[in-house]
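Notes for the structure review
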Amino acid sequence: INERIAALGPDEPFFSFEFFPPKTDSGVQNLIARLHRMAQLNPLFVNITWGAGGSTVSKSLDLATLCTAELGLTTCLHLTCTNMEKNIIDETLSKAKQHGIRNILALRGDPPRGEEYWTPPESQEFMYAVDLVRYIRQEYGDYFCIGVAAYPEGYADGSNPEAQDPKIDLPYLIEKTVAGADFIMTQLFFDTDKFIAFEKMLREHESGVFRSIPIIPGLLPINTYQSFIRTAKLSHAHLPDRVLEKLDAVPSTDDEQVKQVGVDILVEMIDRIYNETCHRVRGFHFYTLNLERSVALILDKSNVVKTPLRLKLVAQNKEQKTEKP
Ligand code: FAD
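Residues numbered from 1 in each chain as written. Predicted model: local features only at pLDDT ≥ 70, side-chain atom pairs only at ≥ 80, totals over all residues. Heavy atoms only, no water.

Observations regarding the packing of aromatic side chains
Per the stated rule, a full pass over the model turns up 12 aromatic pairs. With 6.2 Å between their ring centres and 80° between their planes, Phe17 and Phe19 make a pair best called edge-to-face. One exposure class covers both Phe17 and Phe19, and it is buried. When the ring of Tyr143 is compared with that of Phe144, the centres are 4.8 Å apart and the planes differ by 85°; the resulting orientation is edge-to-face. The pair Tyr143 / Phe144 is uniform in exposure class, with both members buried. Of the aromatic side chains, those joined through ring pairs into one cluster are Phe15, Phe17, Phe19 and Phe286. The ring of Tyr143 carries Lys97 above its face, with NZ or CZ at 5.0 Å from the centroid. Between the NZ or CZ atom of Arg102 and the centre of the ring of Tyr143, over which it lies, the distance is 4.1 Å. (Phe/Tyr/Trp six-rings, centres within 6.5 Å; stacked < 30°, edge-to-face > 60°. Buried < 20%, exposed > 50% of the residue type's maximum accessible area, 1.4 Å probe, protein only. Lys NZ or Arg CZ within 6 Å of the ring centre and 35° of its normal.)

Brief notes about the nonpolar core
Phe17, Ile89, Phe190, Leu247, Phe284 and Phe286 are the most contacted members of the largest nonpolar core, which totals 88 residues. Looking at this core, the element that brings in the most residues is helix H10 (residues 255-276), giving 10 residues. Not counting chain neighbours up to four residues away, the residues in contact with Phe17 comprise Met38, Leu41, Pro43, Phe45, Val46, Asn47, His285, Phe286, Thr288, Val295 and Leu299. One finds Ile1, Leu105, Phe183 and Met185 within the second-largest nonpolar core, a separate group that totals 14 residues. (Core = buried A, V, L, I, M, F, W, Y, C linked by side-chain atoms within 4.5 Å. Helix = DSSP H or I, 4+ residues; strand = E, 2+ residues; numbered from the N terminus. Contact = heavy atoms within 4.5 Å.)

Considerations on the confidence of the model for the protein chain
Note: predicted coordinates in regions of low pLDDT should not be interpreted at a detailed level. Confidence in the prediction for the protein chain averages 92 pLDDT; 90% of positions are at 70 or higher. As scored by the predictor, the complex reaches a pTM of 0.95 and an ipTM of 0.99. (pLDDT = per-residue confidence, 0-100.)

Side note on the side chain of Asp191
Its place among the elements puts Asp191 in the loop between strand S6 (183-188) and helix H7 (192-203). Notably, Asp191 is buried but unbridged: the nearest opposite-charge side chain belongs to Lys194, and the N-O separation is 4.1 Å. (Lys, Arg positive; Asp, Glu negative; His and termini not counted. Salt bridge = Lys/Arg side-chain N within 4 Å of Asp/Glu carboxyl O.)

Here's what the structure looks like:
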């Protein structure tokens, strides 16, 4: 990923997509067909998520391998390090290398299913994401390009949303970056002001560690009103009045109108971020939720992130109006 970013023009924007491994075989087949189409939208790279505690080991690896080997995409495999046997980490890294996957998003991981809050594991080897970053560097040197997560609105596990403040996490983000992160990817957000302030805080930090590292905002295309509210709530993302007013202007049950308003919201966010950071932020990561239409519409409309013309057809395809993951 860092080599591909470096090969772009100095201000040239780019975008990436995130996919999760579907649970069923038919879901996988659906996604494969969609991946073939979405690959043509020309993302700089794609991310494949990892189930907390290693619940999707082979599915995540298989999907990442398919993206790399069959679709020729630059692929970033997410990997968490807690609530999981160490040999899973070792096997995954080894297989990733074997299958030509060069990028890992190194994460701590969410609490295991059914548990609301994260509790430190018994083994002290992998307590935080920084431990995984160090481990990958120690075992694989520079083979992997490593990304780490950041939270423009502060880290939130739901235990104390009042105390959310990006300054609290700052020492740990510095630690992860110094340990060997090549890029930073953020939690989804809708409060553009907060992201812009966060990016500024990082760039201006006296340590200088964030001066040139790519900071890639995570964006959630709006597919339906319900899924938007649910996902924003789960991520503890603040919903600015401006965003809510735009959505409230159309019936929440009209998925097509909601989607169109969502496209305008995202297009404006991208435009503001690209321009107000003076193009320091030029990569935009879409949490696709395995859906293509909203993303294609955004790429079709944005003046910043663009896709080859012929693919505008994807966005216009009426059959996809009711797409399912
Ligand atoms: P860390 O960087 O370890 O931070 C977690 C918390 O610990 C923070 O509050 C931090 O301030 C604190 N902390 C860090 N280091 C220290 C220290 N040395 N001492 C004390 N406190 C410390 N989860 C999945 O299960 N699968 C995925 O595929 C996945 N993808 C994600 C993609 C992105 C872009 C993001 C933003 C998150 C993703 N997550 C995923 C969620 C992530 O695993 C959780 O948010 C997790 O709770 C924290 O992960 P982290 O890597 O940010 O952890």
